[in-house]
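Read off the chains here:
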Amino acid sequence: MKKHVIAFIGLGKMGAAMAANIQRAGYPLVVWNRSANKAASLIALGAQLAESPEAAAAEADFVISSLADDNSVRAVVSGEGGLLSGMRPGSVHIGTSTISPNLADELGAMHTAAGCHYIAGPVIGRVPAAEAAELMTLLAGNPDRINAARSLVATYAPQIVVVGEQPGQASTAKLIANFLGASGMDLIGQTIAWAERSQIPFKLVSMMLDSFFAHPATRDYVAKIGDRDFDNVGFTVSGGLKDVNLMIKSADEVKLKLSSAEALRAKLESATANGWQDKDWSCFTDVDRSR
């Protein structure tokens, strides 16, 4: 069966790796990048170089973009020579960039008005995962178009999670994933800094970190907080506030500011002010949720 022609827009490290996987899967490939030299390895294996995003899209059944930010996506989609003006009626654009949810929804409306389709498909994973075709992708858009794109998407992201029908939902989910990653790194960094200044062996701290992120109690707290199960008390707000104050004092003694612990203290104090001092201490998470 003849394979769809794919246009790939944006050949940075992630984009180039994803495009190479699509090409290895046997799809005819048309590519565009601001710096044309980045397309050399793909062209050597048979890809066609387009002179603009519009020209690339005009050749394709599916367009995939991998771009830096909202501004670059806007420019490539709707600027002069933009891909939207070249897309065929009924063709599909899959945006793999991390962009704002508002822009993702706007792109959905723009494509619909032009008689084509937009699927938000941000990817999760670093460059080595992209090179190995081991990315995860979060998809949102028309369910029929998502189903039609699955075999193509699987060439670079075999882990496919459908988030919903509004493109902005996939963008929000990707930002949540990045928030978890950044917050986790911040927590790890503060933990290691505190241990270093207190002369606690790194091997012990590493073991504690590994245990925490893999511990069943962490999963239990996800369910507890999700269900607002704060009356089933394992440890009280009062006890939690006492411990967090001890953490801050201990770190102060080695001249370290634990910014995460100070944020926790403020929320536990707010929980106490709300009369929650005898509830499970995880209820401090409702301070943000109920604002």
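Look up a bit, the structure's there.
Everything in this summary refers to the structure shown in the same document. (Residues numbered from 1 in each chain as written. Predicted model: local features only at pLDDT ≥ 70, side-chain atom pairs only at ≥ 80, totals over all residues. Heavy atoms only, no water.)

Some remarks on the packing of helix α9 (residues 167–197) against helix α10 (residues 202–214)
What describes two packed helices is the angle between their axes and the distance between those same axes.
Argument step 1. Viewed as axis vectors pointing N to C, α9 and α10 meet at an angle of 150 degrees, and their least axial separation amounts to 10 Å. As far as their axial angle goes, α10 and α9 are roughly antiparallel. When you trace α9 past α10, the crossing you get is right-handed. Judged by residue contacts, Leu 187, Ile 188, Thr 191, Ile 192 and Ala 195 of α9 engage Phe 202, Val 205, Leu 209, Phe 212 and Phe 213 from α10.
Argument step 2. Broken down by class, the residue content of the contact of α9 with α10 amounts to 9 nonpolar, 1 polar and no charged. (Axes fitted to C-alpha atoms, helices over the stretch in contact; angles between N-to-C directions. Helix = DSSP H or I, 4+ residues; strand = E, 2+ residues; numbered from the N terminus. Parallel < 35°, antiparallel > 145°, perpendicular 65-115°, else oblique. Left-handed = near helix turned anticlockwise from the far one by under 90°. Contact = heavy atoms within 4.5 Å. Nonpolar A, V, L, I, M, F, W, Y, C, P; charged D, E, K, R; others polar.)

Notes on the pattern of salt bridges
Where charged atoms from two side chains of opposite charge come close, those side chains can pair.
Argument step 1. Enumeration over the complete set of coordinates arrives at 10 salt bridges.
Argument step 2. For Arg 228, the salt bridge identified is with Asp 286, shortest N-O distance 3.0 Å. With a gap of 58 residues between them, Arg 228 in the loop between α11 (216–227) and α12 (237–253) and Asp 286 in helix α14 (residues 286–289) connect regions that are remote in the sequence.
Argument step 3. For Arg 228, a relative accessible area of 43% corresponds to the partly exposed category.
Argument step 4. For Lys 249, the salt bridge is made with Glu 253, and the minimal N-O distance between the two is 2.9 Å. Taken together, the residues Lys 249 and Glu 253, both in helix α12 and 4 residues apart, mark about one turn of the helix. (Salt bridge = Lys/Arg side-chain N within 4 Å of Asp/Glu carboxyl O. Buried < 20%, exposed > 50% of the residue type's maximum accessible area, 1.4 Å probe, protein only.)

Let's talk about the side chain of Asn 33
Argument step 1. With respect to the helices, strands and loops of the structure, Asn 33 is situated in the loop between β2 (29–32) and α2 (40–44).
Argument step 2. The class of Asn 33 is buried, set by a relative accessible area of 13%.
Argument step 3. One polar contact links the side chain of Asn 33 to the main-chain carbonyl oxygen of Ser 35, over a distance of 3.0 Å.
Argument step 4. Discounting residues that sit within four places of it in the chain, Asn 33 has contacts with Gly 10, Leu 11, Gly 12 and Lys 38. (Polar contact = N/O pair within 3.5 Å; in protein donor to acceptor, adjacent residues only side chain to side chain.)

Considering unusual backbone geometry
Argument step 1. Despite not being glycine, Gln 199 shows a phi value in the positive range, around 60 degrees.
Argument step 2. Its place among the elements puts Gln 199 in the loop between α9 and α10.
Argument step 3. Judged by its relative accessible area of 73%, Gln 199 falls in the exposed class.
Argument step 4. With phi around 55 degrees, Arg 228 is a residue other than glycine that occupies positive phi space.

Here's the deal with the pairing of strand β1 (residues 6–9)
Argument step 1. Alternating residues of β1 divide into Ile 6 and Phe 8 and Ala 7 and Ile 9, and every residue in both groups is buried.
Argument step 2. In the sheet, β1 pairs with β2 via 4 bridges, with the strands oriented parallel. Note that in β2 the partner of Ile 6 across the bridge is Leu 29.
Argument step 3. As a crossover connection, the stretch from β1 through helix α1 (residues 13–24) into β2 is right-handed.
Argument step 4. Bridging between β1 and strand β4 (residues 62–65) involves 4 bridges; their strand directions are parallel. Bridge pairing in β4 links Phe 8 to Ile 64. (Pairing = 2+ DSSP bridges. Right-handed = clockwise from strand over helix to strand, strands pointing away.)

Examining the nonpolar core
Argument step 1. By size, the foremost hydrophobic cluster in this structure holds 30 residues, and its most contacted members are Phe 8, Ile 22, Leu 29, Ile 94 and Tyr 156.
Argument step 2. For this core, the secondary structure elements donating two or more residues are β1, α1, β2, β4, β5 (92–95), α7 (127–131) and α8 (143–153).
Argument step 3. For this core, the element with the highest residue contribution is α1, accounting for 5 residues.
Argument step 4. Those residues in contact with Leu 29, other than ones at most four positions away along the chain, are Ile 6, Phe 8, Ala 19, Ile 22, Gln 23, Leu 42, Ala 47 and Gln 48.
Argument step 5. Ala 50, Val 77, Leu 107 and Cys 116 belong to the second-largest nonpolar core, a separate cluster that totals 26 residues. (Core = buried A, V, L, I, M, F, W, Y, C linked by side-chain atoms within 4.5 Å.)

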